[in-house]
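What follows is each chain in one-letter form.
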Amino acid sequence: MPDNSNPTIPVFLTTPEGKPQQLLQLSPSNFTPVGALDVRPSLLFTEEDNPGQIDDALLDFSLQAIHEARKIDLSEISARISAEMIKTPNTWPGQHYKLLAAMVKNLQPKLVIEIGTASGYSCLSLKKNLPAEGKIVTFDIVPWKEYPDVVLTEADFADGRLKQQIADLTQPHVFNSFSKLISQADFMFVDAAKDGVMEQTFLNFFETVKFEKPLFIFFDDIRLWNMLSIWRQIKRPKIDLTSFGSWSGSGVIHWIP
Ligand SMILES: C[S@@+](CC[C@H](N)C(=O)[O-])C[C@H]1O[C@@H](n2cnc3c(N)ncnc32)[C@H](O)[C@@H]1O
């Protein structure tokens, strides 16, 4: 009879020579060596052989955003969140919301595209410092009014600078119908399913867009297991800003058409 009282799981990695090598043996005593509100598995790997390396514009953009994020107050968004929920928008570092607001403040974009509205924390953060002539188009497959714990109100849309599009951008014909709009973006925030496929689909579609100018594209959750390979394989200039963004990973691509 096998002894199942103390189950262990071997964890393997692939060596640079392509051979499997046992990394560790997970047992109940080290399944989660850290306890926290939310705990996810991830991996560490070298930066030297990353196919997408940082460039000067991305480094300047990042440093200026970090500097600005210190001064940003998102208490008004946190105040909209019900008492039993965690008030994440003003958590920084650790959450990406102040960094988003800082990037918009520094860029002064005319058009921001968001994929993944959800309850609205990020689009309100993007709107915080949006210039008077700026616009945000936020995509989701769920209308904001139907999203659980939504913090958006009709008033957020009243000035016409924030608009939601209900569209599944993984469908080629749907994406193509918004390709012209997306080509005009100055900044994008991508925060959708992280199912290991969807974000790669978006990246593939972005390659087909005739962007009018260079832009920065911010991907959330790049350290989640399902995002590791997708983020790693991006060959464009990019930076992992996790220490100044979301604990689950914040990455920015400098997309030069
Ligand atoms: C993690 S939530 C977004 C959180 C939000 N950006 C924030 O930081 O407050 C992911 C959202 O992506 C949406 N989504 C899933 N698939 C999508 C798709 N194909 N196109 C657009 N949005 C999608 C989900 O409905 C969900 O609202």
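A brief structural summary. Small disclaimer: the values here were computed from a predicted structure and weren't measured. (Residues numbered from 1 in each chain as written. Predicted model: local features only at pLDDT ≥ 70, side-chain atom pairs only at ≥ 80, totals over all residues.)

### Describing the packing of helix α3 (residues 97-107) against helix α4 (residues 121-128)
Just so we agree on the cut-off: Structural elements are reduced to axes, namely lines fitted to C-alpha atoms, with helices fitted over the stretch in contact, and the angle between N-to-C directions of any two is expressed from 0 to 180 degrees. Runs of H or I in DSSP of at least four residues are treated as helices and runs of E of at least two as strands, each being numbered from the N terminus. In this scheme the crossing of two helices becomes right-handed for a clockwise turn of the near helix relative to the far one and left-handed for an anticlockwise turn of less than a right angle. Two residues qualify as a contact pair if the distance between their C-beta atoms, derived from the backbone, is within 7 Å. By the convention adopted, Pro, Cys, Tyr, Trp, Phe, Met, Ile, Leu, Val and Ala count as nonpolar, Lys, Arg, Asp and Glu as charged, and the other residues, Gly among them, as polar.
Contact geometry for α3 and α4: axes closest at 7 Å, N-to-C directions at 35°. Along this stretch, α3 crosses α4, giving a crossing that reads as right-handed. Note on element contacts: α4 touches α3 through Tyr121, Ser122, Ser125, Leu126 and Lys128, opposite Tyr97, Leu100, Ala101 and Val104. Per-class residue counts for the contact of α3 with α4 are six nonpolar, two polar and one charged.

### Observations concerning the site of the ligand
Rules: Defining nearness, a residue is near a molecule or strand when the C-beta atom obtained from its backbone falls within 6 Å of it.
Around the ligand, the surrounding shell holds 18 residues, and the nearest of these are Gly116, Ala118, Tyr121, Ser122 and Asp191. For the shell around the ligand, the secondary structure elements donating two or more residues are α4 and β4 (135-140). Residue composition of the shell around the ligand, by class: 10 nonpolar, five polar and three charged.

### Describing the pairing of strand β3 (residues 111-115)
On a regular strand, each side chain points to the face opposite its neighbour's, so the side chains alternate between the two faces of the sheet. Filter applied, for reference: Counting other C-beta atoms within 10 Å of each residue's C-beta, where C-beta atoms are placed from the backbone, gives the exposure class: buried for 20 or more, exposed for 12 or fewer, partly exposed between. Place the viewer so that the strands point away; then a crossover is right-handed whenever the path from the first strand over the helix to the second strand goes clockwise. Strand pairing is assigned whenever DSSP identifies at least 2 bridges connecting the two strands.
In terms of burial, β3 is a largely internal element, four of the five residues being buried. Assessed by its sense of winding, the connection that carries the chain from β3 through α4 to β4 is right-handed. Alignment of β3 against strand β6 (residues 187-190), held across four bridges, turns out to be parallel. Considered in β6, the bridge of Ile115 is made with Val190.

### Looking at the packing of helix α1 (residues 56-69) against α3
So the rule is basically this: An angle counts as roughly parallel when it lies under 35 degrees, as roughly antiparallel when it exceeds 145, as roughly perpendicular when it falls between 65 and 115, and as oblique in every other case.
At their nearest, the axes of α1 and α3 sit 8 Å apart, and the two run at 115° to each other. In terms of orientation, α1 lies roughly perpendicular with respect to α3. The handedness of the crossing between α1 and α3 comes out as right-handed. In contact with Gln64, Ala65, Glu68 and Ala69 of α1, α3 contributes Lys98, Leu99, Ala102, Met103, Lys105 and Asn106. Class assignment for the residues of the contact of α1 with α3 results in five nonpolar, two polar and three charged.

### Here we look at the sheet that holds strand β5 (residues 162-166)
If you trace the seven strands from one edge of the open sheet to the other, you get β5-β4-β3-β6-β7-β9-β8, paired in mixed fashion. Every interior strand has two partners, whereas the edge strands, β5 and β8 (238-240), have only one. Neighbour to neighbour, the strand axes of the sheet diverge by 15° on average, direction disregarded. Relative to strand β9 (residues 250-255), β8 runs antiparallel, the two sharing three bridges.

### Quick notes on unusual backbone geometry
Each neighbour pair has its own omega, and for Trp92 with Pro93 the value is -10°, a cis peptide bond. Tracing the backbone shows Pro93 in the loop between α2 (75-78) and α3. Its identity as a non-glycine residue notwithstanding, Ala118 has a phi of 50°, on the positive side. Mapped onto the fold, Ala118 is located in the loop between β3 and α4.

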